[in-house]
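# Report on the structure
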Amino acid sequence: MSTAQIGAGTPPETRSAARRRHDGVVAGLVKAYREVPAGTRVRLGKRTSNLFRFGAPTTEVVHLDTAGLAGVIEVDRESRTADVQGMCTYEDLVAATLPHGLMPLVVPQLKTITLGGAVTGLGIESTSFRHGLPHESVLEMDVLTPAGELVTAAATGEHADLYAAFANSYGTLGYALRIRIELQPVKKYVRLTHHRFRTAEEATEALGRFADQDFLDGTVFSPTEHYVSVGEFVDEPLPGARVSDYTGMDVFYRSLQTRPVDHLTTHDYLWRWDTDWFWCSRAFGVQVPAVRRLWPKRYRRSDVYRRLVALDQRYQASNTVRRRLGQPEEEMVIQDVEIPTGRLPEFLAEFHEHVGITPVWLCPLQLRGERTWPLYPMEPHTPYVNVGFWSSVPITRGATEEELADPTIRTKHNRFVEDLVARLDGHKSLYSTVHYDEAEFWERYNGAAYRAVKERYDPEGRVPDLYTKVGGGA
Ligand SMILES: Cc1cc2nc3c(=O)[nH]c(=O)nc-3n(C[C@H](O)[C@H](O)[C@H](O)COP(=O)(O)OP(=O)(O)OC[C@H]3O[C@@H](n4cnc5c(N)ncnc54)[C@H](O)[C@@H]3O)c2cc1C
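Residues numbered from 1 in each chain as written. Predicted model: local features only at pLDDT ≥ 70, side-chain atom pairs only at ≥ 80, totals over all residues. Heavy atoms only, no water.

Looking at an unreviewed UniProt entry, the protein chain carries the name Delta(24)-sterol reductase, with the source organism given as Pseudonocardia xishanensis. For the protein chain, the Subcellular location (unreviewed entry) comment in UniProt is given as "Membrane". (UniProt positions renumbered as here; feature names shortened; annotations may be inferred.)

This part takes up unusual backbone geometry. For the peptide bond that leads from threonine 358 to proline 359, omega is -10 degrees, which places it in the cis range. With respect to the helices and strands, the residue proline 359 is situated in the loop between helix 12 (344-354) and strand 15 (360-365). Even without being a glycine, histidine 381 presents a positive backbone phi close to 60 degrees. (Helix = DSSP H or I, 4+ residues; strand = E, 2+ residues; numbered from the N terminus.)

A word on empty space enclosed by the protein. Inspection of the entire model under this criterion finds 1 cavity of 30 Å³ or more. For the largest cavity, the calculated volume is near 40 Å³. Lining the largest cavity are Tyr90, Pro104, Leu105, Val106, Leu115, Pro134, Ser137, Ile181 and Glu182. The class makeup of the residues in the lining of the largest cavity is 7 nonpolar, 1 polar and 1 charged. (1 Å grid on protein atoms, 1.4 Å probe; cavity = no way out; pocket = protein on both sides within 12 Å on 5 of 7 lines; lining within 4 Å. Points joined across faces, edges and corners; volume = space filled by probe spheres on them. Nonpolar A, V, L, I, M, F, W, Y, C, P; charged D, E, K, R; others polar.)

Here we come to the packing of aromatic side chains. In total, this model carries 26 aromatic pairs according to the counting rule given. When the centroid spacing of 4.5 Å and the interplanar angle of 50 degrees are considered together, the rings of phenylalanine 215 and tyrosine 269 count as tilted. With phenylalanine 215 in strand 11 (residues 215-222) and tyrosine 269 in helix 8 (residues 266-270), the pair connects residues that are 54 residues apart, well separated along the chain. For the pair phenylalanine 215 and tyrosine 269, one class covers both residues: buried. Centroid distance phenylalanine 441 to tryptophan 442: 5.2 Å. Interplanar angle 80 degrees. Geometry classified as edge-to-face. In this structure an aromatic cluster arises from ring pairing among Phe221, Tyr227, Tyr246, Phe252, Tyr253, Trp273, Phe278, Trp279, Trp361 and Trp390. Residue placement shows arginine 451 over the ring face of tryptophan 442; its charged tip is 5.7 Å from the ring centre. (Phe/Tyr/Trp six-rings, centres within 6.5 Å; stacked < 30°, edge-to-face > 60°. Buried < 20%, exposed > 50% of the residue type's maximum accessible area, 1.4 Å probe, protein only. Lys NZ or Arg CZ within 6 Å of the ring centre and 35° of its normal.)

Each pocket or cavity is described by its volume, and for the second largest pocket that value is around 400 Å³. Lining the second largest pocket are 18 residues, with Arg47, Thr48, Ala70, Met87 and Thr89 positioned closest to its centre. Among the secondary structure elements, those contributing two or more residues to the lining of the second largest pocket are helix 2 (90-97) and helix 10 (302-315). Residue composition of the lining of the second largest pocket, grouped by class: 4 nonpolar, 6 polar and 8 charged.

The structure is reproduced here in structure tokens:
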């Protein structure tokens, strides 16, 4: 059995009507793209983004209208697959699959991350230790290439090179307009058990111990307070147990410290981190009960907080206030990095000493099988931990007089993280600021493999390359 539904909130349509509508929108978009004069920059016209680079493009930009490409075309219950438009948010995707008792293999935590964004920009969540990253459950995708061709890329066949290089290409090899993905069955609830550990070594060992569970992630509150959160699908909560709701007055990350066993509906589990943007909503006072009561529930969402941060970055409001108050300016340190699991304690020790942001999110991951992905070189059969930290640090923290006089002081902590990741044989995802010089960047992200695919699909250089895009704010 299958259903078709092209847009969130629109009535279900027949399978063929949904496909016809999708094909019509794609034909319009391809035509619009081909009409853009050479030399003009093109961007996807999207209402939301989860990138953390706020640089304005220096050249004229045409925004492609993607409004008709944000839905689910079809969910097929028998084959456990979904055909999804490239700009569909995970919020809408999950809303379309859960009624069938299914979910994508990996659902990134933030509601407005789109399937196309997660496939081209990498995504991760607490199923990644079993199922890898979102691009690993893509069966095929239709891609509008920079040269203006519409091709279908899959693991084998004529465009297998594009399929492989798409992950971590950030739209520089084309736009995914339709993506067919695998789905997995769900149960009604997730039972969570939060295990507390004093040392990073103990927490690291535990991440390996729960590898047979459904969900696994961790949170570091301080160098001596680590939690490993294990999730298991269940049909019913334990007798007498409550089913928690963290979209109200309670804040999910605080519950780790107070409720060792907890239950959420599967829907609420998937979005547990979105309501307070992990813990980042505290910067807006949303976790103070008096403010939380007044902050409308529909605005307790990651995309609302991100918009506020984007405004602050554009006008440098917080740093202006800090300067006026005689306080040091702050450097935003917003990054997710992958560290080989065995080296996590080393990473955390240096991170606590030199950066000092808490809490820190831990998410174990491993490639699904033998297959590797050229632009994000991870070893198969090797466990990694994604470490996420999203806050700001006074630029004077630990700085000498000489360093304070150096203009690169403003990126010191981000550059420290890049060095540390390199020393520990890790990788850094590219959704936020990047400070590698060009030669080092291409060495880390397989410039040779990238160039071959870029030349094939963008022979005239219509779209900036990956380094220019993520390193230069293009
Ligand atoms: C604070 C913070 C925490 C984060 N935490 C997580 C996390 O825990 N888990 C996780 O998975 N991710 C996380 N991310 C990263 C996020 O998944 C990536 O930034 C992702 O690429 C964003 O997807 P988006 O759909 O919002 O795309 P956008 O932000 O709109 O775009 C991202 C890039 O992808 C390109 N792109 C978008 N759609 C397409 C498409 N259809 N085809 C080709 N290219 C496309 C855009 O051109 C752009 O370069 C986090 C980001 C932040 C800022």
